[in-house]
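Now for the letters of each chain:
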Amino acid sequence: MKTYLLYLGLLIVSFWSCKESKKTMDVTQYQCVPCDLSCDKEVFDHEGKCPHCNMALVPIADEDFSIDKLTLHQGSGSFPMQVKTESGPKDIYVFYHMPKNFDPESKILIVIPGSGRNGDDYRDAWIRASEKHNVLVLAPIYPEPTFGFDQYHLGGVLTDINIMEIATPVKGTNQVRLDESLLQYKTVPNSEFWIFDDMDHIFNAAVKATGSLAKTYDVFGHSAGGQILHRFAIFHPESKANRILAGNSGFYTLPDLEHPLFFGLGESPMNTKSLRKSFNNKLVVFLGEKDNASETGGTLLLSPTANLQGHHRLERGHYFYNFSKKLADSLQTDFQWKLHVVPGVGHEYKKMSAAAAEYLYSLGD
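Every value quoted in this text rests on a predicted model; they were computed, and no experiment measured them. (Residues numbered from 1 in each chain as written. Predicted model: local features only at pLDDT ≥ 70, side-chain atom pairs only at ≥ 80, totals over all residues. Heavy atoms only, no water.)

Notes on the environment of Val157
Mapped onto the elements of the fold, Val157 is located in the loop between strand E6 (135-141) and strand E7 (158-159). Note on Val157: relative accessible area 4%, which makes it buried. When the C-alpha atoms of Val157 and Lys208 are compared, they prove to be 29 Å apart, with 51 residues separating the residues in sequence. If we skip the residues at most four places from it in the chain, Val157 touches Asp150, Lys186, Thr187, Val188, Trp194, Phe196, Phe235 and Leu261. (Helix = DSSP H or I, 4+ residues; strand = E, 2+ residues; numbered from the N terminus. Buried < 20%, exposed > 50% of the residue type's maximum accessible area, 1.4 Å probe, protein only. Contact = heavy atoms within 4.5 Å.)

Structure representation (structure tokens):
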């Protein structure tokens, strides 16, 4: 009898040991978004920020993870996905917030962060609006070591750009001076390698993972995110995006077929026919009233061509809109773009996000 009880006890201990071991193995582990520092190799057992580089911590995907198997839960989380680039597939990370009342009829919003690539912070800035308006929020991070200025700000339309080598910071200001005579780059004619198609892929993944019935999505970007989105409206006119809010861009690619990239569309695959489609998008040039000559936040590019658009972001946004409208009128084509100025706000992504939520989901179109 004693032998039997001893054997039974060993079985129970073994069972619980195996259970605890499996529980430990199932615990999600995290790593920081790649930043080319030694902390890239560290593993964490919690969400948040990396204590070394302050980059967002993202779940380490199982080896058999597939975007087709993605599931999203209520509340906040993140997931990895691969996107196409000219140099091969690369990883991005999508931070999301699913409201507690989410259902198949809920709207979906993609939020594009600025040059800090802090999709987690931009997602957090939308949590309150997500719950209030019952909107699924998706904010991607494109890690800077693998997505440079050309692949992020300029959408991958150009590559091998030397802007970081020839741009000089103006001491004591937020300005960077560019010597355009030294500018070098290559064009990427294949649109499959541009960043713009990624928006639809992120949307499609979320629709499949949630059982959403949405056919379109809204998209908001601020600063570098605004640069991406006004180019998105031009270069990718037949996306699934509904309303495109491009906020506080530092400078613009004009829909000018004569002027070369990256301030115009010369040397690109765009033509008059594609521009007519672009002008039919619901682009909103979304500007902060105080993002003017007094604003010291963000980085402002100075160069002869950029300065023709204006001497600060507010002026440049007006110039871009007015130039585009005049061109659309000359082409005698529909022009769906709008310009909206947010009163009392400068280059502040949190306040611009709150204003965007009000514009999209309280005021309507």
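A look at the sheet that holds strand E5 (residues 107-112)
If you trace the eight strands from one edge of the open sheet to the other, you get E3-E4-E6-E5-E11-E12-E13-E15, paired in mixed fashion. At either margin of the open sheet sits one strand with a lone partner, and together these are strand E3 (75-83) and strand E15 (338-342). Averaged over all pairs of adjacent strands, the angle between strand axes in this sheet comes to 20°, irrespective of strand direction. In the sheet, strand E11 (residues 217-222) pairs with strand E12 (residues 241-247) via five bridges, with the strands oriented parallel. Each bridged residue has a counterpart across the sheet, and for His222 the counterpart in E12 is Gly247. This element, helix H6 (residues 224-235), spans E5, E11, E12 and strand E13 (282-288) of the sheet and lies at about 135° to E11. Set on the sheet, helix H9 (residues 313-330) makes contact with E13 and E15; between it and E13 the angle comes to about 155°. (Pairing = 2+ DSSP bridges. Axes fitted to C-alpha atoms, helices over the stretch in contact; angles between N-to-C directions.)

Points about the packing of aromatic side chains
Under the defined criterion, the tally for this structure stands at 22 aromatic pairs. Taking 5.7 Å as the distance between ring centres and 45° as the angle between the ring planes, the aromatic pair formed by Tyr142 and Tyr152 counts as tilted. Of this pair, Tyr142 sits in the loop between E6 and E7 while Tyr152 sits in the loop between E6 and E7, placing them ten residues apart in sequence. Tyr152 matches Tyr142 in its accessibility class, with the two residues each being buried. Plain terms: the ring middles of Phe262 and Phe263 are 4.7 Å apart, the flat faces sit at 40° to each other, and that makes the pair tilted. Note on Phe262: relative accessible area 2%, which makes it buried. Residue class for Phe263 comes out buried when judged on its relative accessible area of 4%. The ring of Phe147 has Lys90 lying over it, and the distance from NZ or CZ to the ring centre is 5.5 Å. Sitting over the face of the ring of Tyr152, Arg117 holds its NZ or CZ atom 4.1 Å from the ring centroid. (Phe/Tyr/Trp six-rings, centres within 6.5 Å; stacked < 30°, edge-to-face > 60°. Lys NZ or Arg CZ within 6 Å of the ring centre and 35° of its normal.)

Some points on unusual backbone geometry
Residues Leu261 and Phe262 are joined by a peptide bond in cis, for which omega reads 10°. Structurally, the position occupied by Phe262 is in the loop between E12 and helix H7 (272-278). One non-glycine residue, Ser223, adopts positive backbone phi at about 65°. Turning to its location among the elements, Ser223 is positioned in the loop between E11 and H6.

A few points about the nonpolar core
Among the nonpolar cores identified, the biggest contains 75 residues, and Ile110, Leu138, Tyr217, Val219, Phe232, Phe235 and Phe262 are the most heavily contacted of them. Once residues lying within four places of it in the same chain are set aside, the contact partners of Phe262 are Leu154, Leu158, Ile161, Ile163, Leu178, Leu183, Tyr185, Phe251, Tyr252 and Thr253. Ranked by size, the runner-up nonpolar core spans 21 residues in total, among them Trp126, Val284, Ala355 and Tyr361. (Core = buried A, V, L, I, M, F, W, Y, C linked by side-chain atoms within 4.5 Å.)

Overview of the environment of Ser362
Topologically, Ser362 is positioned in helix H10 (residues 349-363). By relative accessible area, Ser362 is classed as partly exposed at 40%. Taking the C-alpha atoms as reference points, Ser362 and His133, separated by 229 residues in sequence, lie 8.4 Å from one another. Setting aside anything within four residues of it in sequence, one finds Ser362 in contact with His133 and Ala357.

Topic: the UniProt feature "domain: Heavy metal binding" (unreviewed entry) in the protein chain
Taking the numbering used here, the UniProt-annotated feature "domain: Heavy metal binding" (unreviewed entry) corresponds to residues 39-59. Along residues 39-59 one finds 0% helix and 14% strand; the C-alpha atoms at either end are 15 Å apart. (UniProt positions renumbered as here; feature names shortened; annotations may be inferred.)

A closer look at the sheet that holds strand E9 (residues 175-178)
The strand order across the open sheet formed by three strands is E8-E9-E14, and the pairing between neighbours is mixed. Here the strands that pair on one side only, and so sit at the sheet edges, are strand E8 (167-169) and strand E14 (300-302). The mean inter-strand angle of the sheet, taken between neighbouring strand axes irrespective of direction, is 30°. Sheet topology note: the E8/E9 ladder contains three bridges and is antiparallel. Bridge pairing links Thr168 to Arg177 in E9.

Section: the pattern of salt bridges
One pass over the structure, following the stated rule, counts eleven salt bridges. Residues Lys351 and Glu348 are paired through a salt bridge, measuring 3.5 Å at the closest nitrogen-oxygen approach. (Salt bridge = Lys/Arg side-chain N within 4 Å of Asp/Glu carboxyl O.)

What about helix H5 (residues 197-210)?
Helix length check: H5, at 14 residues, gives a terminal C-alpha distance of 21 Å against a target of 20 Å (1.5 Å per residue), a fit within 8%. Counting buried positions along H5 yields ten of 14 residues, so the element is predominantly enclosed. The complete set of buried residues in H5 reads Asp198, Met199, Asp200, Ile202, Phe203, Ala205, Ala206, Val207, Ala209 and Thr210. (Expected span 1.5 Å × (residues − 1).)

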